[in-house]
Amino acid sequence: MVDVLLQPWSEGDLPLLQKLLGDPGMMEYLGGPESPEQILRRHQRYLHLPEEGADHMFRISLKASDEGVGSVGHWKKTWREQSMYEIGWLVLPAYQGQGIATKAAAGAIEHARQAPKYQYMHAFPSVENPASNAICRKLGFTLLEECQFEYPPGRSMVVNDWCLDLLET
Ligand SMILES: CC(C)(COP(=O)(O)OP(=O)(O)OC[C@H]1O[C@@H](n2cnc3c(N)ncnc32)[C@H](O)[C@@H]1OP(=O)(O)O)[C@@H](O)C(=O)NCCC(=O)NCCS
């Protein structure tokens, strides 16, 4: 089993973000690849997230080599008129299928649980994304419903709404 570490997003992580978000295959269920400008803006945003806020983005790295292989994070979302966390994950193709996203997401959930600002965490994977739906199921999220979700802004997709109670362990 591969051991992973979550590290706060840092200056050197731009090439990793370009590989994750600039690749059409990676972004198949996320509305297509982002442009270099969008990725740079996102990188800057990740770098300047306030430490005490609800939004946190981590680089997923391999414990053995410190190589960056993906990203995982949680952020505030208003959904059905309530504030809650949304969680999201990406792992580079060469490292998929080894349980890395599952371990990293478990770490991000643990991080949110340390001082939860909101009781609930949701994930909204496309109904067509079997790996992400499997991760939600494995990590104890409850499937609430299939629904329409806007991502990226202006584009509607059909997702599963998965919910985890952070106050229940
Ligand atoms: C989704 C993603 C992060 C998964 O990363 P990963 O490290 O390969 O995930 P894991 O290995 O931890 O777990 C994947 C699980 O999905 C399962 N899975 C994968 N493909 C599957 C399929 N076609 N049908 C059913 N289950 C599937 C795996 O079997 C595994 O479960 P298991 O450990 O019980 O066998 C990765 O594919 C990715 O980055 N995709 C592109 C970006 C993306 O779609 N992000 C999610 C947005 S919600």
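Look a little higher up for the structure.
In this report, we go over the structure that sits alongside the text. Residue positions within a chain follow its written sequence, with the count starting from 1. Under the rules for a predicted model, residues below a pLDDT of 70 receive no local features and side-chain atom pairs below 80 are neither given nor counted, while totals for whole chains, interfaces and linings still include all residues.

1. Some details on the site of the ligand
So, point 1. Taken together, 22 residues are adjacent to the ligand, and Gln96, Ala101, Thr102, Pro130 and Ala134 come closest.
So, point 2. For helices the rule is a DSSP run of H or I covering at least 4 residues; for strands it is a run of E covering at least 2, with both sets numbered from the N terminus onward. For the shell around the ligand, the secondary structure elements donating two or more residues are strand S4 (82-91), helix H3 (100-114) and helix H4 (130-138).
So, point 3. The dominant element in the shell around the ligand, judged by the number of residues it contributes, is H4, at 6 residues.
So, point 4. Residues are grouped as follows: Ala, Val, Leu, Ile, Met, Phe, Trp, Tyr, Cys and Pro are nonpolar; Asp, Glu, Lys and Arg are charged; every other residue, Gly included, is polar. Looking at the shell around the ligand residue by residue, the classes come out as 13 nonpolar, 8 polar and 1 charged. Placing the C-beta atom from the backbone, one calls a residue near a molecule or strand if that atom lies within 6 Å of it.

2. Notes on H3
So, point 1. A rise of 1.5 Å per residue sets the reference length of H3, with its 15 residues, at 21 Å; its end C-alpha atoms lie 21 Å apart and thus fit the reference within 8%.
So, point 2. Remark: C-beta atoms are placed from the backbone, and a residue is labelled buried if 20 or more other C-beta atoms sit within 10 Å of its own, exposed if 12 or fewer do, or partly exposed between those counts. If you check which residues of H3 are buried, you get Ile100, Ala101, Ala104, Ala105 and Ala108. When H3 is viewed along its axis, its buried side chains cluster within an angular range of 120° and face the same direction. Those residues of H3 that are exposed and aimed more than 90 degrees away from the buried face are Glu110 and Gln114.
So, point 3. We call two residues in contact if the C-beta atoms placed from their backbones are at most 7 Å apart. Contact partners of the buried residues in H3: strand S1 (4-8), strand S2 (56-62), strand S3 (68-79), S4 and H4. Take the number of residues in a helix, subtract one, and multiply by 1.5 Å to get its expected span. Of all possible arcs, the one meant is that of the directions from the helix axis to the C-beta atoms.

3. So, the nonpolar core
If you look at soluble globular proteins, the nonpolar side chains tend to sit buried side by side.
So, point 1. Think of a nonpolar core as buried Ala, Val, Leu, Ile, Met, Phe, Trp, Tyr and Cys residues, each tied to the set through C-beta atoms within 7 Å. Of all hydrophobic cores here, the largest spans 31 residues; its most connected members are Ile60, Val72, Ala104 and Ala105.
So, point 2. In terms of residue count, S4 provides more of this core than any other element does, 6 residues in total.
So, point 3. Each residue touching Ala105, except ones within four places of it in the same chain, is listed here: Val72, Ile87, Trp89, Ile135 and Leu139.

4. Thoughts on unusual backbone geometry
So, point 1. Between Tyr151 and Pro152 the backbone carries a cis peptide bond, its omega angle lying at -10°.
So, point 2. At Arg80, a residue that is not glycine, the phi angle is positive and equals roughly 50°.
So, point 3. For Arg80, the location among the structural elements is in the loop between S3 and S4.
So, point 4. Judged by the 9 C-beta atoms lying within 10 Å of it, Arg80 is exposed.

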